[in-house]
Amino acid sequence: MKKRVLISRIVLLFALTSSLFVFNHANFLHGQNISQAGSNSPRCVLIMMEPSEIRSTYAILKAKLVATSPDVISYYFVYQNADGITKEVPAQLMPQSNILTAKITLLNPRSDYSCFAGCRTTTGKITSNVVIFTTLPKETTITASVTHHKTNLGNMAGNILSPSTWTGRKHKIVNACNYKNTTVRNKAVSIAGQSPGNFNIGQICNIFDYCYNNWHYVNDPSKGELYSSASNTLANGLNGDCDDFAILVCSMLLSIGGDARISLAYNSGGGHAFTEINVGKTNMQLLADYIAARYKDVWTEKIHYRIDRYKNCWLNLDWWAKHPGGQYYKADHGSRIFILDNYSEDF
């Protein structure tokens, strides 16, 4: 298998070397044509950028339009896989910007692609530099069943005596996770739908990224802890503190079929709240491979999760971790609140 992959990459590099010569040669010829014609109009200059999104089956291509010419007819992207299959798609100029973009779909997971941008003019074509990218591994389906704890008197007693229960935090957090709310459900579905299919790691990452990338930290009042509902947090533009973030992530995942819990963790320096998602007995190495490829800029060598008494794995979704499965907040005690089960346990 390794030998086959190596040969594939050598073929790709050879093809790219040839393509680079052709692309650069085309730019050179067009530059000569414009100067020979004595035109004072700016020459079309394109710079291919790294794709803004790379997933297992699609990518968003982007190019910067440095200069344009009055004789430009259209803009486009060309992309090619390691087997030499080449496709062209039209490029759209984003409103009030100099960025060209296009979404390419039906790509193969964990595959290498090369791409460049181009423009057609009345005298020919001008192309950009070449960019190479690799699609993510397949977005593994999550196999997990909802946990149930109210099976004996010991569990019931532990739930009632848990600090999060008798202080009222459990009740407030469970109510704040209004995952059946239409606004919460619609937003979660629109984001998760970027990785369609049964509940999968791509959907988990999509929701985490949406909340993480759009979040604005704002403190609670100086006296009293507030737990904003998920729908209210969406309405206020994703503003709030750590428990509001945890509630939103948890609720959105619950609304698309996941089983999530919220942990209240404490140490000598204070407290923190974060979400964990039940990935059951899913192959954790497959999840690690996907997360490592998707978050390669912040990847920390392994994913972090906890295993419960039923052998289910719970993946960390703390915002401090920067990506799903990042390092846990250091705590010496706390409570875990299982929203679907209305249950709390201490650790």
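The shown structure was predicted, so the numbers you read here are calculated from the model rather than taken from an experiment.

A. Structural context of the overall build of the protein. If you tally the helices and strands in the protein, you get nine helices and 18 strands. Each of the 347 residues in the protein was classed as buried or not, and the buried ones make up 48%. When the accessible surface of the protein is split by element, carbon and sulfur atoms take 56% of a total near 17700 Å².

B. Up close: helix H6 (residues 201–214). When the terminal C-alpha atoms of H6 are compared, their 20 Å separation across 14 residues agrees well with the 20 Å that a helix rising 1.5 Å per residue should span. Among the 14 residues of H6, 10 are classified as buried, and the element is accordingly described as predominantly covered. Where H6 is buried, its residues touch helix H5 (182–192), helix H8 (242–255), strand S14 (270–280), helix H9 (284–294) and strand S16 (313–316).

C. Inspection of unusual backbone geometry at higher detail. Positive phi values are uncommon outside glycine, yet Leu-106 reaches one of about 60°. Tracing the chain through its elements places Leu-106 in the loop between strand S7 (99–104) and strand S8 (112–121). With phi around 50°, Asn-342 is a residue other than glycine that occupies positive phi space. Relative to the helices and strands, Asn-342 resides in the loop between strand S17 (333–338) and strand S18 (343–346). Look at Asn-342 and you get partly exposed, because its relative accessible area is 31%.

D. Expanded view of the environment of Thr-183. Mapped onto the elements of the fold, Thr-183 is located in helix H5. With a relative accessible area of 45%, Thr-183 lands in the partly exposed category. For Thr-183 and Ala-235, which are 52 residues apart along the polypeptide, the C-alpha to C-alpha distance reads 8.8 Å.

E. Structural context of the pairing of S18. The pairing of S17 with S18 spans four bridges and is antiparallel. The residue of S18 that forms the bridge with Ile-337 is Ser-344. Between S17 and S18, which pair antiparallel in sequence order, lie four residues; one of them, Asn-342, sits at a positive phi of approximately 50°.

Reading guide: rules and limits
- Residues numbered from 1 in each chain as written.
- Predicted model: local features only at pLDDT ≥ 70, side-chain atom pairs only at ≥ 80, totals over all residues.
- Heavy atoms only, no water.
- Helix = DSSP H or I, 4+ residues; strand = E, 2+ residues; numbered from the N terminus.
- Buried < 20%, exposed > 50% of the residue type's maximum accessible area, 1.4 Å probe, protein only.
- Areas by Shrake-Rupley, 256 points an atom, 1.4 Å probe, with all protein chains shown as cover.
- Expected span 1.5 Å × (residues − 1).
- Contact = heavy atoms within 4.5 Å.
- Pairing = 2+ DSSP bridges.

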